[in-house]
Amino acid sequence: MTDTDQELDPLAAVRQLLAEAKASIQSAEQILDDAAGTPGKRINIAAQARKAGSVSVDGDSRIIEGLFDGQHMVGPDGKQYSVPANYASKSKLVEGDKLKLTITGDGSFIYKQIGPVDRNRVVGKLVRDEQTDEFQVVAAGIVYRVLLASITYFKGEPGDDVVILLPKDQQARFAAVENIIKHIPGQETADAVTTDVPHEVLPSVEGDVETPETQDKIDEL
């Protein structure tokens, strides 16, 4: 065995341990999902992005189509591309939505929603995780993560009722916040209610949506 082989062996062992840990976590998550009785299957964004995504070049721009995972866009190459929280919140993006990202020659990111998934509208309650201090929404006994930008926009507080959007017939970790109903002390909050959301009532995002960084560069021209 050469010195190089000896140096690579520890790295291979670490990769193996990470792979095993990842598999264990996925198995544990599946057990929790089954125990919770959540309808539908867990969205495998990476696997779906490999099938539905694409990468192409148009002049000096690179165009990537991928799927939204609740925080980022996952491309067919498995890479995560940062999606501005304000854009995701305003557009009410849901896990599984198909996005097109254009990376221009000057490095600007321009997103467009090109394939919204079927949605359900659900009413839940806003809570705050005591350990992470993150906002979450509890609906029908299931805890969903939400973008902080959505909560701060509606000035949400723990105890408020939250109208969220979820992918239909699939499990999700993140929920898109559609609206918040302020909690009035002494009044009971609404029970979780699920309804279908037709595509026509979803926010229109037909045009290119520029990130704040892109707009700053345009203003400088």
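Brief notes about the packing of aromatic side chains
One pass over the structure, following the stated rule, counts 2 aromatic pairs. Arranged with centres 6.0 Å apart and planes meeting at 25°, the rings of Tyr87 and Tyr111 form a pair that is stacked. Residue Tyr87 is located in helix α3 (residues 85-90), and its partner Tyr111 is located in strand β7 (residues 109-115); the two are separated by 24 residues in the primary sequence. The two residues Tyr87 and Tyr111 agree in class, both being buried.

Details of the confidence of the model for the chain
Summing up the model confidence of the chain, the mean pLDDT is 80 and the portion of residues at 70 or higher is 68%. Throughout residues 1-8 the model reports pLDDT below 50, and contacts reaching past four residues in sequence, or to other chains, amount to 2 contacts. Low pLDDT (under 50) marks residues 199-221, which in the prediction has 35 contacts with non-local residues, meaning those over four places away or in another chain.

Here's the deal with the nonpolar core
Within the largest apolar cluster, 15 residues are counted, with the highest numbers of intra-cluster contacts made by Tyr144, Val146, Ile151, Val162 and Ile164. Elements represented by at least two residues in this core include exactly β8 (119-128), β9 (135-139), β10 (142-145), β11 (161-167) and β13 (176-181). When neighbours within four sequence positions are excluded, Ile164 is seen to be in contact with Asn120, Arg121, Val122, Val137, Ala139, Tyr144, Ala175, Ala176, Val177 and Glu178. Grouped together as the second largest cluster of nonpolar side chains are 14 residues, Ala88, Leu99, Ile103 and Phe174 included.

Let's talk about the pairing of β7
In terms of strand pairing, strand β6 (residues 98-103) meets β7 through 6 bridges, oriented antiparallel. Across the sheet, Lys98 pairs through a bridge with Gly115, a residue of β7. The antiparallel hairpin formed by β6 and β7 contains 5 residues in its connecting segment, where Gly107 sits at a positive phi of about 90°.

Calculation criteria
- Residues numbered from 1 in each chain as written.
- Predicted model: local features only at pLDDT ≥ 70, side-chain atom pairs only at ≥ 80, totals over all residues.
- Heavy atoms only, no water.
- Phe/Tyr/Trp six-rings, centres within 6.5 Å; stacked < 30°, edge-to-face > 60°.
- Helix = DSSP H or I, 4+ residues; strand = E, 2+ residues; numbered from the N terminus.
- Buried < 20%, exposed > 50% of the residue type's maximum accessible area, 1.4 Å probe, protein only.
- pLDDT = per-residue confidence, 0-100.
- Contact = heavy atoms within 4.5 Å.
- Core = buried A, V, L, I, M, F, W, Y, C linked by side-chain atoms within 4.5 Å.
- Pairing = 2+ DSSP bridges.

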